Amino acid sequence: MPLPPAYPPGPRGPVEVATTFRRFMRDPEAQLRTANERWGDVLGFRLGGDRIVLLGDPALVGEVLVDKEGVWIKDKVTRDLSAFLGQGLLTNEGASWRRQRKLIAPPLTRKHIASYADAMVRRTADYAAGLREGESRDVHSDMSALTLEIVTETLFGASLGSDPSRVGHAIDGVMGDFQELVQTWRRFFPSSVPFAARRRTVASGREIDAVVFEVIHKRRGSGERGDDLLSRLLEARDDEGSGMTDAQLRDEAVTLFVAGHETTANALSFALMLLGDHPEVDARLRDELDRVLGERDATADDVASLKVTDAVARETMRLYPPAHLIGREATRDLTLGPYAIPKGTAVLMSPWALHRDRRFWPDALAFRPERWLDGSAERAPKNAYLPFGGGPRICIGNHFAQMELVLVLATILRRVRLERSSAAPVRLQAAITLRPAEGLRMRVTRRPHGSAG
Ligand code: HEM
């Protein structure tokens, strides 16, 4: 008789689990590799009262993400975000999620996002025009400010009044505090414990609501129509002809803002870091910009021709996926491959580990954008590359983000070359997103033929 399926193997007992967990937080790549070698591609353990399974097998990752039987919900860390994001797309589930996804998808399709290209390029050109020969800058902080401006303009248009960045900074502040809460021991305390970060979250949350609701009310009242995402969400109607309530609009707007801004900033920072470290790739990209664009900036129509730039963005997110961990929770007892997964188990899938797995990626740790140009990346198994997730909950902003990466990189790199100020490896922080832990100092060299403006 075959044995009934069992919980996956992995570290057992509080000491082994604590050691594994600590090593994982410090160096996920090395730890996952060691853990996979020892326990295999499906690794299960218990942490406190929680059961956690780490999946390193692309086929099983696909099974969870596609979720044919509707048995998975988002994991607890993502669900906790709903304290701030409400019922927005990222944290919503079931029939309500399906309705909202259908309402929000149309303005984010490839065809419709072209109208945002101009804001992306204009804002980036303004930023790059201010870069001075020889200066050293924290490029990560620059990219955060730039993507904040871009998302604010594309989402809210001109309706935020005299200080458009205020709401953005408030949202950023809440997310920063939230990362602090989920990352540290504070998360194990009940939500009634008023840590400073929690008090700030509540206060900033009120400020954000006030601003976003004011914009929504003004728009509804004036009947004004703009090109921005909020206008399109206001006009969206479901099959019964109903639109979204103000509360739903608020949740979706704040969600798009949060989901779309830091992830993109991190991808851009890592791309600039890698290009700085690989002058031969930088030169190839520059050749492409000269050939395709000559003396002008890129438009949405150029994106398809900027193949090297696109490959640089893809290869960057292979090595440094901003969403480095994707989680789900089982809503009932089930089997996954040969294993039993009890109800309530959190299943974590690590794009970081899958993207660096030597079994799927030749020369896995090398920055080789050409693998996306010569067809070799296509030989990796399905779901071995998931910077945007997969299945029905794949990132709804993936075309928007990919276009933004290509346009911002092209606009900056036409004008300047950036090199790291120090040769020391960049320390990473794997919080909700993967980012440089202490910024990214780079030195500016203006390009002789690059446009000054
Ligand atoms: C490089 C940039 C980005 C990366 C790496 C990224 C990554 C991801 C990933 C991995 C997911 C799936 C999470 C899961 O399955 O649990 C996701 C979902 C999502 N992303 Fe993105 N994202 C990026 C940019 C954007 C942008 C620009 C927007 C909005 C304009 C956006 C909006 C969303 C939303 C709303 C969801 C939830 C979708 C749903 O559950 O239906 N993202 N993103």
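A. Expanded view of the overall build of the chain. The helix and strand inventory of the chain stands at 17 helices and 12 strands. Here the C-alpha atoms of the chain give a radius of gyration of 22 Å, agreeing with the 22 Å that 2.2 N^0.38 yields for 453 residues. In terms of principal-axis extent, the alpha carbons of the chain reach across some 70 × 55 × 45 Å. Per-residue burial over the chain gives 41% buried out of 453 residues. Sequence separation of at least 24 residues holds for 76% of the intrachain contacts in the chain that already meet a minimum separation of 6.

B. Geometry of helix α14 (residues 279-293). For α14, spanning 15 residues, the distance from its first C-alpha to its last is 20 Å, which sits close to the expected 21 Å at 1.5 Å a residue. Buried within α14 we find Leu285, Glu288 and Leu289. On an axial view of α14, the arc spanned by its buried residues comes to 100°, and they lie on one face. Along α14, exposed side chains directed more than 90 degrees from the buried face belong to Pro279, Glu280, Ala283, Asp287 and Arg291.

C. Quick peek at the sheet that holds strand β4 (residues 136-138). The 3 strands lie next to each other as β4-β12-β9, forming an open sheet whose pairing is antiparallel. Single-partner strands in this sheet number two, and they are β4 and β9 (416-420). Taking the axes of each pair of neighbouring strands and ignoring which way they run, one obtains an average angle of 40° across the sheet. Note that β4 and strand β12 (residues 441-446) share 3 bridges and pair antiparallel. Looking at the pairing, Arg137 lines up with Met442 of β12.

D. Here's a closer look at helix α3 (residues 58-66). Looking at α3, one finds that the buried residues are Pro58, Val61, Val64 and Leu65. For α3, the angular spread of buried residues about the axis comes to 120°, placing them on one side. Contacts made by the buried residues of α3 are with β2 (50-55), β3 (72-74), β5 (326-330), β8 (346-349) and α16 (351-355). Downstream of α3 by a residue or two, Asp67 has a phi angle that is positive, lying close to 50°.

E. Quick peek at the sheet that holds β2. The sheet built from 5 strands is open, its strands ordered β1-β2-β8-β5-β3 with mixed pairing. What marks the edges here is a single partner per strand, and that holds for β1 (42-47) and β3. Here the strands of the sheet are splayed against their neighbours by 30° on average, with no regard to which way each runs.

F. Representation of the site of the ligand in the model. In the neighbourhood of the ligand, 23 residues make up the surrounding shell, with Ala259, Gly260, Gly389, Cys395 and Gly397 lying closest. Elements represented by at least two residues in the shell around the ligand include exactly α13 (246-277) and α17 (398-413). Here the shell around the ligand takes 7 residues from α13, the largest share from any one element.

G. Molecular detail of the environment of Ile104. Checked against the element boundaries, Ile104 lands in helix α6 (residues 94-104). For Ile104, a count of 21 C-beta atoms within 10 Å gives the class buried. C-alpha of Ile104 to C-alpha of Pro387: the two residues are 283 residues apart in sequence and 21 Å apart in space. Discounting chain neighbours no more than four positions away, the residues touching Ile104 are Leu89, Leu233, Glu252 and Ile396.

H. Fine view of the pairing of β2. Relative to β2, β1 runs antiparallel, the two being bridged by 6 bridges. By the bridge assignment for β2, Leu43 is matched with Leu54. Hairpin geometry of β1 and β2 is characterised by an intervening segment of 2 residues between the two adjacent antiparallel strands and by a positive phi of about 60° at Gly48. Pairing geometry for β2 and β8, over 4 bridges, is parallel.

I. Structural view of the nonpolar core. Formed by 108 residues in total, the largest nonpolar core has its most connected members in Ile171, Ala271, Leu405, Val406, Leu407 and Leu409. With 15 residues, α13 is the largest single contributor of residues to this core. What Leu409 contacts, discounting residues up to four positions off in sequence, is Ala271, Thr309, Val312 and Ala313.

J. Representation of the packing of helix α8 (residues 117-129) against α17 in the model. Remark: α8 packs on α17, axes separated minimally by 9 Å, with the N-to-C direction vectors making an angle of 35°. The way α8 lies across α17 gives a crossing that is right-handed. Contact residues: α8 offers Ala117, Met120, Val121, Thr124, Ala125 and Ala128, while α17 offers Met403, Glu404, Leu407, Val408, Thr411 and Ile412. Of the residues belonging to the contact of α8 with α17, the class tally is 9 nonpolar, 2 polar and 1 charged.

Calculation rules
- Residues numbered from 1 in each chain as written.
- Predicted model: local features only at pLDDT ≥ 70, side-chain atom pairs only at ≥ 80, totals over all residues.
- Helix = DSSP H or I, 4+ residues; strand = E, 2+ residues; numbered from the N terminus.
- Rg over C-alpha atoms; globule rule 2.2 N^0.38 Å.
- Buried ≥ 20, exposed ≤ 12 C-beta atoms within 10 Å, placed from the backbone.
- Contact = placed C-beta atoms within 7 Å.
- Expected span 1.5 Å × (residues − 1).
- Arc of directions from axis to C-beta.
- Pairing = 2+ DSSP bridges.
- Axes fitted to C-alpha atoms, helices over the stretch in contact; angles between N-to-C directions.
- Near = placed C-beta within 6 Å.
- Core = buried A, V, L, I, M, F, W, Y, C linked by C-beta atoms within 7 Å.
- Left-handed = near helix turned anticlockwise from the far one by under 90°.
- Nonpolar A, V, L, I, M, F, W, Y, C, P; charged D, E, K, R; others polar.

No statement about biological role is implied by the geometric values presented.
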